[in-house]
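Residue-level listing of the chains:
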Amino acid sequence: MTVRFPPRHLLVIAPQCADLGMLTGLEDLAGSLHTALLDPWTGGCADAPAGVTSILSGPSVGQARIEEAVRDAARRAGEAGAVLVLAFIGHGTLPGEVPKLFLMAGDSRRDMPTTVVNVGDLLSQALDTHGVEEVIALVDTCHAGAAVPDIAALGTGIRGGATRLTLLMSVGATEPAFGLDFTRGLLRVFGAGVAGAGEYLSAEAVLDAVNEAADTGARLVHMDGDPYGRPRWLVRNVRHAQGGGPLLGPAGEEDLEWALEPFGEGWPPASVHSVSGLEKLREALRAAPPGCTDGPADVAVALRVVDGLLDGLRTAELLRSWPGAPLTSERIRRAAWTAGGTSVPLPGSNGSDLLRDCVELLRLRAPRTGGSRTAPLAAFVASLADEDGLDPHCDALTAWARTCGAVVELNDAFAALEEHDTSSRLRLVVSLHAALADEWPETLVAWLLDRGTVIAHREFGCAPSRAGVERQLVGVLKWASAEARRVGAALRRVEVAASSALLTQWSPEEADLGIRLGVRHDVVLRWSERLCPPDHLYWINDHARDRLATMRSEPDTRAPVDWLGRDETNRPAELNERLRNGVYDRAVALGHRPERLDQVMPSLLAYAPIVLWPKDKDDLPPDSRTSVNRYWHRLPGEFSAAYRDSWRGRGTEEGAAEGRFPLARLRSVWHDTEWLDFCDWFGTCSTDGENTV
């Protein structure tokens, strides 16, 4: 389950005080700390709103400005229910023997106590602000240990002490600090991570690592007055690999080894076990001396691979803290297929390894879309976000896009999803269920659905023959197209429900409406018996839902299809027994067309949610099975595309190259959850087959 944390707001304060002397490198260090804490993969703090700054540094930062900035930051954090991260860096003094830390602002004077900043008092005000989830304070000044607020007084404050504080201080209350070593140590630990410390670093882990790395004596104070608060952490651990697996997957390892091969032994200069390690490798490549390889192209190639790996790691990190619904292996596979299509074979891994492997393949191996290497990743992220109904401009997505340089690509991906949603929102269901036995009906019943909701319904009389039905399809499509224009959407999908006997002998997509029905529409075949099952088949729709769930949960990268041969179909009694016993719990496909297909089909349609069989009498060639595996996640729509390719004579060149044309040799009856939902609706809104809408 994805851990949900509150947002984090940031304010870094680093004034220079001329009265006590300028601190060398203060502004640069404050800027580096600010950058690290804003990094979504390190500090995870949100950008300040427009017109507000989250860093104040330099000699122009006065007392009043600091105090106002802290109070404003606390107010905004309270309104957002956020954690407030504060950093105070600079000169600190004590008022005589009183253990209260005063930060020296740009206009502070050591002999004028009214010009200094009382750090403990500001922390108390922030802690007592309603809605603030926690205050995290980093203090790097002389006497930093005196920054502890009056915790006892907080117990009688507005919040009654129901607040949380994490306070890291560079030195004790009576000790001087030197060279801003504590801030330098923080940056070193933030960038290198801590081995074996988990995905999120606690303040204790950071404290120990900083004291060891920078030889400091930093102190830590915790206050926890909120027993129901969420887990506490200071920064994300860049060294952590989710699930304990390797940082890089097979594709990442292989591509990195290949890219560094021209550099010979000694590359990479250090082990790559974190984001910071990859960033150091990138800097080393940029600084590589001329002549270290056969040419500058080797450096460019290696840099592209390292940049791709960094984008993949940042994407994986986004998904591990996903702001939407919990991610599952099925969702990850589906989104990866949507983004990469048939050009990127799905990995056989599961869980966190699957997530890592998918983002690597999409970033490193997927064909470039319009010249952009990040477009497939953006499509992957957008697909998951769209499924969860996330705002395309939410903080997590915009931060990821900005970090990976994929802002435009993400916008394009959302625009493409919106266009697809508009074009696929309407479905026309045409049912021949009014037929007697296996004959052609005298009535066609049609429903137009908008995102699954029936918006129009009509019955059409017709002559009880194939020709009569196809002639009346013209009237049905004319009516449905007019209704579609009325709601401002295009009709692309037509679903035809018929008896098993008609399904085996009729190809409605080839119906001549002046133009073949399947030229402008994707045609999907349904079994009309599922609309109102007879008593002895009452269970078939619930059984189909169970089978679909089983198919979705399969980790195998091949299509979840059980292929039946002549041995099975030539023994119908044994086949029925195996079906009743649940031997075939997935889709069922026939590698040949039985002579009495009409006798075999009813049992297959009852027990399997999806049935495939050859269009012609010839046995199905291997490339058709391969195409089913390759295009499974795009079926049944890809059948219609294959039929169109075959009509246009594209089978020998373009279609064959894509691997789609062999699908044209197959027929299918497809019962997905959309159809089962419609059947449930039909059962509750109909009496004796007569629709009451």
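Structural data are supplied above this passage.
About the thresholds
Residues numbered from 1 in each chain as written. Predicted model: local features only at pLDDT ≥ 70, side-chain atom pairs only at ≥ 80, totals over all residues. Heavy atoms only, no water. Pairing = 2+ DSSP bridges. Helix = DSSP H or I, 4+ residues; strand = E, 2+ residues; numbered from the N terminus. Axes fitted to C-alpha atoms, helices over the stretch in contact; angles between N-to-C directions. Contact = heavy atoms within 4.5 Å. 1 Å grid on protein atoms, 1.4 Å probe; cavity = no way out; pocket = protein on both sides within 12 Å on 5 of 7 lines; lining within 4 Å. Points joined across faces, edges and corners; volume = space filled by probe spheres on them. Phe/Tyr/Trp six-rings, centres within 6.5 Å; stacked < 30°, edge-to-face > 60°. Lys NZ or Arg CZ within 6 Å of the ring centre and 35° of its normal. Disulfide = S-S within 2.5 Å. Core = buried A, V, L, I, M, F, W, Y, C linked by side-chain atoms within 4.5 Å. Buried < 20%, exposed > 50% of the residue type's maximum accessible area, 1.4 Å probe, protein only.

Our next topic: the sheet that holds strand E19 (residues 610-614). The four strands are arranged E17-E18-E19-E20 in an open sheet whose pairing can be described as mixed. Each edge of the sheet is formed by a strand with only one pairing partner; in this case those strands are strand E17 (561-564) and strand E20 (666-670). On average, each strand axis in the sheet is inclined to that of its neighbour by 20 degrees, with strand direction left out of account. Bridge count between strand E18 (residues 587-590) and E19: two bridges; the pairing is parallel. Pairing of Val588 across the sheet is with Val611, part of E19. Lying over the sheet, helix H23 (residues 637-647) contacts E19 and E20, oriented at roughly 150 degrees with respect to E20.

Time to look at the layout of surface pockets. The volume enclosed by the second largest pocket comes to roughly 910 Å³. Elements represented by at least two residues in the lining of the second largest pocket include exactly strand E1 (8-15), helix H2 (63-80), helix H9 (296-320) and helix H13 (395-404).

Right, let's get into the packing of aromatic side chains. Enumeration according to the criterion identifies twelve aromatic pairs in this entry. Each residue in the set Trp447, Trp675, Phe678, Trp681 and Phe682 is aromatic and connected to the rest through ring pairs, giving one cluster. When the ring centre of Trp233 is taken as reference, the NZ or CZ atom of Arg8 above it lies at 3.7 Å.

We now examine the state of the cysteines. Every disulfide links exactly two cysteines, by a covalent bond between their sulfur atoms. All chains considered together, the criterion is met by zero disulfides. Cys358 takes part in no disulfide bond, and the closest cysteine sulfur to it belongs to Cys404, at a distance of 16 Å.

This paragraph deals with the nonpolar core. Counting residues in each nonpolar core, the largest one holds 50 residues, and the members touching the most others are Leu428, Leu432, Leu444, Trp479, Leu491, Trp527 and Leu604. Setting aside anything within four residues of it in sequence, one finds Leu432 in contact with Trp440, Pro441, Leu444, Val469, Val496, Ala497, Ala498, Leu502 and Trp506.

Moving on, we come to the sheet that holds strand E12 (residues 426-431). Taken in spatial order, the five strands make up an open sheet running E14-E13-E12-E15-E16, and their pairing is mixed. Edge positions in the open sheet fall to strand E14 (453-461) and strand E16 (522-527), since each of these has one partner strand only. Across the sheet, the axes of successive neighbouring strands diverge by a mean angle of 20 degrees, strand direction being ignored. Relative to strand E15 (residues 491-498), E12 runs parallel, the two sharing six bridges.

What follows is about the pairing of strand E7 (residues 134-140). Burial analysis of E7 places seven of its seven residues in the buried class, which makes it a mostly covered element. Here E7 shows a buried face lined by Glu134, Ile136, Leu138 and Asp140 and a second buried face lined by Val135, Ala137 and Val139. Summarising the sheet, strand E3 (residues 83-89) and E7 pair through seven bridges and their orientation is parallel. Each residue of the ladder has a partner; that of Leu86, found in E7, is Ala137. One ladder, built from five bridges, connects E7 with strand E8 (residues 164-169); its direction is parallel. In the sheet register, Leu138 faces E8, and the bridge partner there is Leu168.

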